[in-house]
Amino acid sequence: MARRTAIVGIGQTYHCARRDDVNGQELINEAVTRALEDAGLTMKDIDAIVIGNMDHFEAINYVDGWSVDGSGAFMRPIMKLTTGGTSGMTVATAGYYHVASGFFDVVLAIGWEMNSSSDTTAAITTCCQPLIERDFFAGAIGPLAAEYTAYIKRFGATEEDAALVSVRDHNNALNNPHAHLRTRITVEDVMKSPVLCYPIKLLDMCPRSDGACALIYACEGKAEKLAPRPAWVHTIAGSRDFVYMGEPFQHEELITLERASARAYKRAGITDPLKEIDVMELYLPASTTGVKWMESLWVCGRGEAPRLIREGVFNMDGQLPVNPSGGPLATNPIGATAMIRVGEAALQIMGKAGDRQVPNVRTALATAFGSCSWSDVTILRDTKP
Amino acid sequence: MPEGKPETIFDVVDKAGMLVQKGRIKVPYTWAAGKVASKFLVGLRDERRIYGIRCPECKTVFVPPKKLCHKCMVEMSEWVELGDEGVLETFTIVHYGEPTVHPVQPPFAYGVVKLERADTGMVHLIGEADLASLEEGQRVRAVFNDIRRGHYLDIKYFKPV
Ligand SMILES: [Zn+2]
């Protein structure tokens, strides 16, 4: 049986398009220092470290060793994990596993990226099978565009529905001091922004950011002493799927998210996620995914998401606020993006989310996405599992 | 890049006292297609035919073919000759250029084509098409390059029929 484990500290850098004032190790250290401060700990208290990013983005292939200056791993166990877009949640999950297994009591998990080091879209393309789809796949935009095209056709959703998601997340980011893009926008701004891949426009798509995030996990017995209101990990679930983009035949759905969230709800005893979850921090790489993937999270039936979005159900003052932080549409240091989802969900549980705090959060859900097309789900609560 | 300079770092830029170094790592790779994909690629090259492969357990016909069914974890060996026509399941129109990766200039369309007798879709370029009037569900046919070398792009694109 796993040990009960909670998040007791969260640290984030500020995020922007490029940090020329720090190198990668120094960037990592900013997040680590803040997480330690948040938990009232020093490096002496850390038993093990897990770190991850998209290593081809910086062309540094042994981040575990290379990062020691910033991560604090000198003479400590550290391991690197990388799983694409989901890396941040994979690293967070490993932090949880380290503690839950009973091998370590207090563990530091770090996600980071300096996207400014390279051409993100060209680098991301290396995820594709080199002989088959790599030539025109070229990054994350095209496949996401093609799946929303299919969704529009099947359910009568509109480009404006996606724009509403973009407006929600961008404007939520105004309340988040860590967010990269903090500009108030309107549906008209989104609709007028340049088309990248029809139907996805510039303001529908996440930016590339430089930044880092660190989380501290602690075991039962220590967690309660380190945080007045620890964010207890109730469950983590993940699903992976196909190799080729043509293989899944339901482009209107995200099957990995359906399966992962269904498994997570079952383990957490959730039967009506719309009512039982207080806030969601979702890895939405494009606003279009904030429409169609809501159905894959079981908060509504097929084709019903556009109506809920038009009604504002997922706005800050709605029934189920989504992305109070602004989500990846506002901030996207890729190897940290999914960890920030977990961190922001934890802040909501701990009541430390500042201007972006949703009142009375008892249950929070975070997701991670990587193409093609992986999903991870984490559920946190203010009570022990 | 200037001739004769080392390839890893080729420029240093001073941005108000913060130095950034511009570099490039060029690493040649040799990617094995394997027995199964080789047969598919040879089919494109020598026969202008598209071959799929059927899973003995779930009966799914995969194209591009692969050795292992990801659902059943069994090896596949039953080859299926597919038609060169199919249905455009979904598509996008790319408006940005990624010159180091894209084989053609934007704007261009690519999509998922479900060929006759196949159960999975094949991602490919859509050509000879009025991009503004492309529609899901329309029939498309493979157009092969005159010079073929055993590459996925031996199919030049799919065009509306
Ligand atoms: Zn099978």
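Sequence order as written defines residue numbering, which begins from 1 separately in each chain. Key to labels: chains lettered from A, ligands numbered from 1, both in the order written. Selection of residues for local features in this predicted model requires a pLDDT of at least 70, selection of side-chain atom pairs for listing and counting requires 80 or more, and totals for whole chains, interfaces and linings are taken over all residues. The basis for every side-chain value is the complete set of heavy atoms in the structure, and neither hydrogens nor water enter the calculation.

## Topic: the coordination of the zinc ion
Residue and element names in this part refer to chain B. At the metal site, the zinc ion is ligated by C55 (SG), C58 (SG), C69 (SG) and C72 (SG), and these contacts range over 2.3 to 2.4 Å. One way to put it: the 4 donor atoms around the zinc ion meet at angles of 106 to 114°, and that makes the site tetrahedral. Positions of the donor residues of the zinc ion, expressed as sequence spacing, correspond to C-x2-C-x10-C-x2-C. When accessible area is computed with a 1.4 Å probe and restricted to protein chains, residues below 20% of their type maximum are described as buried, those above 50% as exposed, and intermediate ones as partly exposed. Looking at C58, the relative accessible area reads 31%, which means it is partly exposed. Distances define the donors: N, O and S atoms within 2.8 Å of the metal qualify, as do those within 3.2 Å of Na, K or Ca. Water is excluded, so some sites may look unfinished. Here a site with four donors is tetrahedral if all angles are between 85 and 135 degrees, and a site with four or six donors is square planar or octahedral if opposite donors are over 155 degrees apart and the other angles are between 65 and 115; anything else gets the irregular label.

## Quick notes on helix α9 (residues 159-172) of chain A
Residue and element names in this part refer to chain A. Here α9 spans 20 Å end to end across 14 residues, near enough to the 20 Å set by a 1.5 Å rise per residue. Strands here mean DSSP runs of E at least two residues long; helices mean DSSP runs of H or I at least four residues long; both are numbered from the N terminus. Judged by how many residues are buried, α9 sits mostly within the fold: 11 of 14 residues are covered. Within α9, burial applies to D161, A162, A163, V165, S166, V167, R168, D169, H170, N171 and N172. Against α8 (141-155), α10 (187-192), α14 (289-296), α15 (305-311) and α16 (327-330) lie the buried residues of α9. With a side-chain oxygen lying 3.3 Å from the backbone nitrogen of E160, the N-terminal cap of α9 falls on T158. How far a helix is expected to stretch is found by multiplying one less than its residue total by 1.5 Å. Any two residues whose heavy atoms approach within 4.5 Å at even a single point are treated as in contact. N or O atoms closer than or at 3.5 Å make up a polar contact, with two conditions inside protein: a donor-capable atom paired with an acceptor-capable one, and, for residues adjacent in sequence, both atoms drawn from side chains.

## Things to note about the side chain of T331 of chain A
All names here are of chain A. Within the secondary structure layout, T331 lies in the loop between α16 and α17 (334-350). Within the structure, T331 has its side chain in polar contact with the backbone nitrogen of H180 (distance 3.1 Å). Leave out the neighbours within four places in its chain, and T331 touches H15, H178, A179, H180, P207, S209 and T337.

## Observations concerning the confidence of the model for chain B
The pLDDT score gives, residue by residue, the confidence of the prediction method on a 0 to 100 scale. When the pLDDT values of chain B are averaged, the result is 90; 94% of them are 70 or greater. Interface confidence in the predicted complex, given as ipTM, is 0.79; pTM for the same model is 0.92.

## Let's talk about the interface of chain A and chain B
Accessible area lost on assembly of the parts is the figure often given for the size of an interface. In this complex, chain A contributes 36 residues to the contact, which on the side of chain B involves 42 residues. Residue D20 of chain A is joined to K15 of chain B by a salt bridge in which the shortest nitrogen-to-oxygen separation is 2.8 Å. Viewed at the interface, chain B and chain A are joined by 7 residue pairs in polar contact (both at pLDDT 80 or more). Broken down by secondary-structure element, the contributors of at least two residues to the side of chain A that touches chain B are α6 (120-124), α7 (134-137), α8 and β5 (195-198) of chain A. Ranked by the residues each element gives to the side of chain A that touches chain B, the list is headed by α8 of chain A, at 9 residues. Only Asp, Glu, Lys and Arg are considered charged, only Ala, Val, Leu, Ile, Met, Phe, Trp, Tyr, Cys and Pro nonpolar, and every remaining residue, Gly among them, polar. Residues that form the side of chain A that touches chain B fall into these classes: 20 nonpolar, 6 polar and 10 charged. Strand pairing requires that DSSP identify at least two bridges connecting the strands. One ladder, built from 2 bridges, connects β5 of chain A with strand β6 (residues 85-94) of chain B; its direction is antiparallel. Looking across to β6 of chain B, one finds that Y198 of chain A is bridged to I93 of chain B. Every case where a carboxyl oxygen of Asp or Glu lies within 4 Å of a side-chain nitrogen of Lys or Arg is listed as a salt bridge.

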